[in-house]
Amino acid sequence: MATLSSRQWLAITGSVVLFTSLFFINRKAPAVATEPQPPSGGHVAKTEDFSHVLDEAKAQVPADKQAAVTRLEKSLTSASADQQGQILKSIITIYDSAGAQLPATYYIEKLAALQKSADLWYRAGDSYYRASDLASQDARPTLIQKASECYTNSLKIDSTNLDTKVGVAKCL
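What comes next is a walk through the structure. None of the values given here were measured: they were computed from a predicted structure.

## Let's talk about the overall build of the chain
Then, number 1: What the chain contains, in helices and strands, is eight helices and zero strands.
Then, number 2: Put simply, the chain runs from its N terminus to its C terminus through helices and strands in the order α-α-α-α-α-α-α-α.
Then, number 3: Out of the 172 residues in the chain, the part that is buried amounts to 33%.
Then, number 4: For the chain, restricting intrachain contacts to residue pairs at least 6 apart in sequence, the fraction spanning at least 24 positions comes to 55%.

This is the structure in structure tokens:
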């Protein structure tokens, strides 16, 4: 068997020390258990209240259109069920024409509850989900939660709708 020279022993020892130190340097120190750690995975972020998110979106609507919506909202309380449906459709049209997707979706959700329509619930859920892509990181979990609620309400009415089932899965 061949003998190793002192230079070779020095190179082997240096390599072992180098690899050992790289192994330990790459390790993280254990976390101090003073604060509970947030759960990993899922939609973990600071969340905003939905009413706050909705108010911010309504604030982006021009004053004249917001005034028209306010008038319609006041007439909504004293209207019959059929008239409420027409008023809600008018509000949705005003917000859509202003490019305010989130307030329009909120009123689509109200219309879906009034008419007990699986298609409207699906439309509201889909709009909330699409709005979550454009929203701030704080508002995203709130909008995804609203989308999930709308999809679930749609499934309660029509459990065979595959698009709604896909929507529920996207929210998970």
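## Here's the deal with the environment of T77
Then, number 1: For T77, the location among the structural elements is in the loop between α3 (63-76) and α4 (81-97).
Then, number 2: Accessibility expressed as a relative area gives 70% for T77, which makes it exposed.

## Side note on the state of the cysteines
Then, number 1: Counted under the stated rule, the structure contains zero disulfides.
Then, number 2: Not part of a disulfide, C150 finds its nearest cysteine sulfur in C171, a span of 9.2 Å.

## With respect to the nonpolar core
Then, number 1: Counting residues in hydrophobic clusters, the biggest one holds 35 residues, and the most contacted among them are Y95, L102, Y128 and L143.
Then, number 2: Elements that contribute at least two residues to this core include exactly α2 (50-59), α3, α4, α5 (101-115), α6 (118-134) and α7 (140-157).
Then, number 3: Discounting residues that sit within four places of it in the chain, Y95 has contacts with K58, V61, Q66, V69, A100, P103, A104 and Y107.

## Digging into the pattern of salt bridges
Then, number 1: The final tally for this structure, using the stated rule, is six salt bridges.
Then, number 2: Across the salt bridge formed by E73 and K58, the nearest N and O atoms sit 3.8 Å from each other. Here the residue E73 occupies a position in helix α3, and K58 occupies one in helix α2, the gap between them amounting to 15 residues.
Then, number 3: We classify E73 as partly exposed; its relative accessible area is 25%.
Then, number 4: Accessibility expressed as a relative area gives 17% for K58, which makes it buried.
Then, number 5: Here K170 ties to D126 by a salt bridge, and the two come within 4.0 Å at their closest N and O atoms. In this pair, K170 sits in helix α8 (residues 162-171) while D126 sits in helix α6, placing the two residues 44 residues apart along the sequence.

## Description of unusual backbone geometry
Then, number 1: Phi is positive for K116, which is not a glycine, with a value near 50 degrees.
Then, number 2: Tracing the backbone shows K116 in the loop between α5 and α6.

## Brief notes about α7
Then, number 1: Its 18 residues give α7 an end-to-end C-alpha distance of 26 Å, which sits within 8% of 26 Å, the value for a rise of 1.5 Å per residue.
Then, number 2: Of the positions making up α7, those classed as buried are P141, T142, L143, I144, K146, A147, S148, C150, Y151 and S154.
Then, number 3: On its buried side, α7 packs onto α2, α5, α6 and α8.

Conventions and cut-offs
- Residues numbered from 1 in each chain as written.
- Predicted model: local features only at pLDDT ≥ 70, side-chain atom pairs only at ≥ 80, totals over all residues.
- Heavy atoms only, no water.
- Helix = DSSP H or I, 4+ residues; strand = E, 2+ residues; numbered from the N terminus.
- Buried < 20%, exposed > 50% of the residue type's maximum accessible area, 1.4 Å probe, protein only.
- Contact = heavy atoms within 4.5 Å.
- Disulfide = S-S within 2.5 Å.
- Core = buried A, V, L, I, M, F, W, Y, C linked by side-chain atoms within 4.5 Å.
- Salt bridge = Lys/Arg side-chain N within 4 Å of Asp/Glu carboxyl O.
- Expected span 1.5 Å × (residues − 1).

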